[in-house]
Amino acid sequence: MQKKYDVTALGELLIDFTENGESQQGNVILEANPGGAPCNVLSMLGKLGKKTAFIGKVGNDQFGKLLKETIEFVGIDSSNLIFSENVNTTLAFVHTQPDGDRDFSFYRNPGADMMLEKEEVKAEIIKNSRIFHFGTLSFTHEGVKEASEYAVHCAKEAGICVSFDPNLREPLWNNMEDARKAMLFGFQHCDILKISDNELVFITGEEDYDKGIAVLLEKYKIPLICLTLGKDGSRAYYKGMRVCAEPFLQESTIETTGAGDTFTGCMLNFILDKGLDNLTKEDLKEMLTFANAGASLITTRRGALKVMPEKKDILELIAH
């Protein structure tokens, strides 16, 4: 049966305030970049020609309206974007360190994305998708956690492929045991896992990444795991195979916001095209190389959602 959407994602949609120089008075200038990991992923998929939908909540304020306009502009279906009348849109302030890495300060106590309720999730959108994607930021508070679990169960009941990116943001958790439980829920229910090196160490305690992945595979039997290693590229683990791909390091890197989401969008696009059942080592290498190149390009731009790379730019970087 033909599905209406290639990928539907649930989670946070917010404004990332990123540093953009100094004013004449020497004050830091902040740029309001639409963001939030799930929609970053969907935006990249849209650039690659895929149909996407988003489930989430923003405030009925200037930022919420800007976010709705933005996701519609990049081609994401907003029919399950809810406006909160009494809680403002979540804001994140991104401080970029000299090496391009970043620290986050969140204004989310509460923020509208935490206020999504189970009753507001349109199950028919999920059931009409080929892949359902989520992360852990929608598990930090009880109401949105219930909504997220319901969405995942809708996807599993409908036999839909589930993609999970923990996207661990420590400042947003009251205690890290809750974060651990949210990650374990994701591992239990996903068919595709994208995890970063620091998240893998956090959840398994293993500094040796292969051993950490082995722990997850033994316990959760996840069909495909992609491990992102920042400046060291990425790896895929699939049916006993382990494939590595080199990074595309850029001298013009500004910041790394959205790199993991760009990687995930490229990875999911490949799975949509090739399927998850019969991937070869060559397939996995091609998937990782394309995803690494896409992630590399986004580090040369401020923000992510509105500035995802074009397919031709990714292919050009790989060719060079």
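Rules of the game
- Residue numbering note: each chain is counted from 1, following its sequence as written.
- Confidence filtering applies because this is a predicted model: local features only for residues at pLDDT of at least 70, side-chain atom pairs given and counted only at 80 or more, and all residues used for totals across whole chains, interfaces and linings.
- Calculation of side-chain values draws on the structure's entire complement of heavy atoms; hydrogens and water are dropped beforehand.
- For salt bridges, the criterion is a side-chain nitrogen of Lys or Arg within 4 Å of an Asp or Glu carboxyl oxygen.
- The helix count covers DSSP runs of H or I at least four residues long, the strand count covers runs of E at least two residues long, and both are numbered beginning at the N terminus.
- Accessible area is worked out with a 1.4 Å probe on protein chains only. A residue is then buried under 20% of its type maximum, exposed over 50%, and partly exposed in between.
- Whether two residues are in contact is decided by their heavy atoms: any pair within 4.5 Å suffices.
- Centres within 6.5 Å are what make two rings of Phe, Tyr or Trp a pair, Trp counting through its six-membered ring; a difference in plane orientation under 30 degrees is then read as stacked, over 60 as edge-to-face, and the rest as tilted.

**Q** Would you mind going over the pattern of salt bridges with me for this structure?
**A** Once the charged atoms of two side chains with opposite charge are near each other, the side chains can pair. Tallying each qualifying case throughout the model produces 14 salt bridges. R235 is paired through a salt bridge with D210; the nearest N and O atoms lie 3.1 Å apart. Taken together, the residues span a long stretch of sequence, with R235 in strand β12 (residues 234–238) and D210 in helix α7 (residues 209–220) at a distance of 25 residues. Residue D283 is joined to K274 by a salt bridge in which the shortest nitrogen-to-oxygen separation is 3.5 Å. Under the relative-accessibility criterion, K274 is labelled partly exposed at 47%. Three or more residues joined by partner-sharing salt bridges are found here, namely E142, K145 and E149.

**Q** Looking at this structure, I do not really get the environment of T8. What am I missing?
**A** Among the structural elements, T8 can be located in strand β1 (residues 5–10). The spacing of T8 and N128 is 120 residues in sequence and 8.8 Å in space, taken between C-alpha atoms. Apart from residues no more than four positions distant in its own chain, T8 is found in contact with A53, I55, I125, S129, I131, F132 and H133.

**Q** Which parts of the structure should I look at to understand the packing of aromatic side chains?
**A** The relation between two aromatic rings is expressed through the spacing of the ring centres and the mutual angle of the planes. Overall, the coordinates contain eleven aromatic pairs when judged by the stated rule. Between F93 and Y107 the ring centres are 5.1 Å apart and the planes differ by 70°, which places this aromatic pair in the edge-to-face class. Linking F93 in strand β6 (residues 91–96) with Y107 in strand β7 (residues 102–107), this pair joins segments that are 14 residues apart in sequence. Given the relative accessible area of 24%, F93 is considered partly exposed. Ring geometry for F187 versus Y220: centroids 5.5 Å apart, planes at 55°, classification tilted.

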